[in-house]
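Spelled out from the first residue to the last, the chains are:
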Amino acid sequence: MRLRDKVALITGGGKGIGRETALLFAREGAKLVIGDFDVQAGEQTVQDIRNLGADALFFKVDVTNRDYVQAMVDEAVRKFGRIDVLINNAGITQDAFLTKMTEKQWEAVINVNLTGVFNCTQAVVPLMVQQGSGSIINASSVVGVYGNVGQTNYAATKAGVIGMTKSWAKELGPTGIRTNAIAPGFIVTDMTAKVPEKVLNVMKERTPLGRLGTPQDVANAYLFLASEESSFINGVTIGVDGGLVI
Ligand code: NAP
């Protein structure tokens, strides 16, 4: 087991990539804290983890709210005593062309995808510093690497996440904490269910491996970055995109 007795906190762990990652981590021996907006999905994930024989806790959280985030971290520590892995996975899209994008759409995406990552990391890091170890993994995107039509807000956040990842790799590395990111291509989840099929087909054609990604593809990369197998990897962004960006 690659995460035996490790405690992993996954935001947005109720659905999609986060849920798949939580189940994989449970099979690899981890204890899970699932933080999500969606209570039904989050509780279902926890139930499914328990059915695998692993321990898990659900906490309803809005990552944009610092009080909720701190309460989630406090609850995780009360139950499990430590946090070894933080996966800043919660994210949203609110797409529009630049000239049509409202301030509300801009702010909503910045608040969840960028400020939410800042909030969760700031709440968890003192504990990791005390432990002298930890792995922080942030969800970026190919869109943060090479941009996308209609996603000014999303691209800004996902590029920002790469900048934060590198800053924390330098700032926190000396304390034993590693920080890395993943940049998925187009992955089949509720998020991409909103993308027109025509666009998804174009993405498939542009991907050398000829298919869209699955949540399992991304979960495997999260697992590698969470485990000791990546113990000398710090500050990188791993593309999980079938070669879409090359
Ligand atoms: P998803 O299926 O939409 O799941 C995201 C989960 O996060 C949902 O349960 C959602 O709850 C929750 N969430 C949203 N806002 C939140 C908040 N403020 N606080 C706490 N939880 C919140 O998304 P996904 O496709 O698995 O994506 C996971 C991550 O990978 C995101 O950061 C995304 O940007 C990134 N990513 C995804 C793709 C892709 O193609 N799917 C590609 C590149 C990067 P609600 O449903 O109630 O909002």
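Preceding block: the structure.
> What am I meant to see in the overall build of the protein chain here?
A count of helical and extended segments in the protein chain gives nine helices and seven strands. For the protein chain, the C-alpha atoms occupy an extent of roughly 45 × 35 × 35 Å along the three principal directions. Contacts in the protein chain between residues far apart in sequence, at least 24 positions, make up 72% of those at least 6 positions apart. On the protein chain, roughly 11,400 Å² of surface is accessible, and the fraction owed to carbon and sulfur atoms is 53%. Each charge sign in the protein chain was given a centre, from 24 positive and 24 negative side chains, and these centres are 2 Å apart.

> Please explain the site of the ligand as it appears in this structure.
In the vicinity of the ligand lie 28 residues, with Lys 15, Asn 89, Tyr 154, Ile 187 and Thr 189 positioned nearest. With respect to the ligand, the side chain of Asp 62 contributes an N or O atom lying 3.0 Å from a nitrogen atom. At 2.6 Å, a side-chain N or O of Tyr 154 approaches an oxygen atom of the ligand. When the free accessible area of the ligand is taken as 890 Å², the share hidden by the protein chains comes to 90%. At the level of elements, α1 (16-27), α6 (152-172) and α7 (190-193) are the ones that each hand at least two residues to the shell around the ligand.

> Honestly, the environment of Leu 244 in this entry has me stumped. Any pointers?
Within the secondary structure, Leu 244 is located in the segment after β7 (237-240). Classification of Leu 244 by relative accessible area gives buried; the value is 7%. As a C-alpha pair, Leu 244 and Leu 225 span 19 residues in sequence and 21 Å in three-dimensional space. Look past the residues within four positions of Leu 244 in its chain and what remains in contact with it is Val 142, Tyr 146, Gly 185, Phe 186, Met 203, Arg 206, Thr 207 and Pro 208.

> How do you make sense of the sheet that holds strand β4 (residues 85-88) when you look at a structure like this?
Within a sheet, neighbouring strands are paired by backbone hydrogen bonds and run either parallel or antiparallel to one another. Read across the open sheet, the seven strands follow the order β3-β2-β1-β4-β5-β6-β7; overall the sheet is parallel. The strands lining the two open edges of the sheet, one partner per strand, are β3 (56-60) and β7. Going from strand to strand, the sheet's axes swing by 15° on average, the running direction of each strand aside. Pairing between strand β1 (residues 7-11) and strand β2 (residues 31-36): five bridges, direction parallel. Along β2, the bridge assignment pairs Leu 9 with Val 33. Running at roughly 160° to strand β6 (residues 177-184), α6 makes contact with β5 (134-139), β6 and β7 of the sheet. Across the sheet, helix α9 (residues 215-226) touches β4, β5, β6 and β7, and the angle it forms with β6 is around 165°.

> Sorry, what's going on with the side chain of Arg 178 here?
Mapping Arg 178 onto the fold places it in strand β6. Although Arg 178 lies buried, it forms no salt bridge, and the closest oppositely charged side chain, Glu 228, sits 5.6 Å away as judged by the N-O distance. From its side chain, Arg 178 meets the backbone oxygen of Leu 225 in a polar contact 2.9 Å long. Leaving out residues up to four positions away in the same chain, Arg 178 has contacts with Gly 134, Ser 135, Ile 136, Leu 225, Ala 226, Ser 227, Ser 230, Ser 231, Ile 233 and Asn 234.

> What should I look at first to understand the nonpolar core in this one?
The nonpolar side chains of a soluble globular protein tend to be buried with one another. Residues Phe 25, Leu 32, Ile 49 and Tyr 222 are the most contacted members of the largest nonpolar core, which totals 31 residues. Where this core is concerned, the elements lending two or more residues are β1, α1, β2, α2 (39-51), β3, β4, β5 and α9. No other element matches α9, which puts seven residues into this core. When near neighbours in sequence (up to four residues on either side) are disregarded, Phe 25 contacts Leu 3, Ala 8, Ile 10, Ala 30, Leu 32, Val 85, Ile 87, Ala 219, Tyr 222, Leu 223 and Ala 226. With 29 residues, the next largest nonpolar core counts Met 72, Cys 120, Val 124 and Met 128 among its residues.

> Sorry, what's going on with α2 here?
Each turn of an α-helix holds 3.6 residues, which means side chains three or four residues apart point in the same direction. Over its 13 residues, α2 extends 18 Å from the first C-alpha to the last, a length consistent with the 18 Å expected when each residue adds 1.5 Å. The complete set of buried residues in α2 reads Ala 41, Gly 42, Thr 45, Val 46, Asp 48 and Ile 49. Viewed end-on, α2 has its buried residues packed into an arc of 160°, placing them on one side of the element. When the buried face of α2 is taken as reference, the exposed residues oriented beyond 90 degrees from it are Gln 40 and Asn 51. Contacts made by the buried residues of α2 are with α1, β2 and β3.

Analysis parameters
Residues numbered from 1 in each chain as written. Predicted model: local features only at pLDDT ≥ 70, side-chain atom pairs only at ≥ 80, totals over all residues. Heavy atoms only, no water. Helix = DSSP H or I, 4+ residues; strand = E, 2+ residues; numbered from the N terminus. Contact = heavy atoms within 4.5 Å. Areas by Shrake-Rupley, 256 points an atom, 1.4 Å probe, with all protein chains shown as cover. Lys, Arg positive; Asp, Glu negative; His and termini not counted. Charge placed at Lys NZ, Arg CZ, Asp CG, Glu CD. Near = heavy atom within 4 Å. Polar contact = N/O pair within 3.5 Å; in protein donor to acceptor, adjacent residues only side chain to side chain. Buried < 20%, exposed > 50% of the residue type's maximum accessible area, 1.4 Å probe, protein only. Pairing = 2+ DSSP bridges. Axes fitted to C-alpha atoms, helices over the stretch in contact; angles between N-to-C directions. Salt bridge = Lys/Arg side-chain N within 4 Å of Asp/Glu carboxyl O. Core = buried A, V, L, I, M, F, W, Y, C linked by side-chain atoms within 4.5 Å. Expected span 1.5 Å × (residues − 1). Arc of directions from axis to C-beta.

On their own, these measurements won't tell you what the molecule is for.
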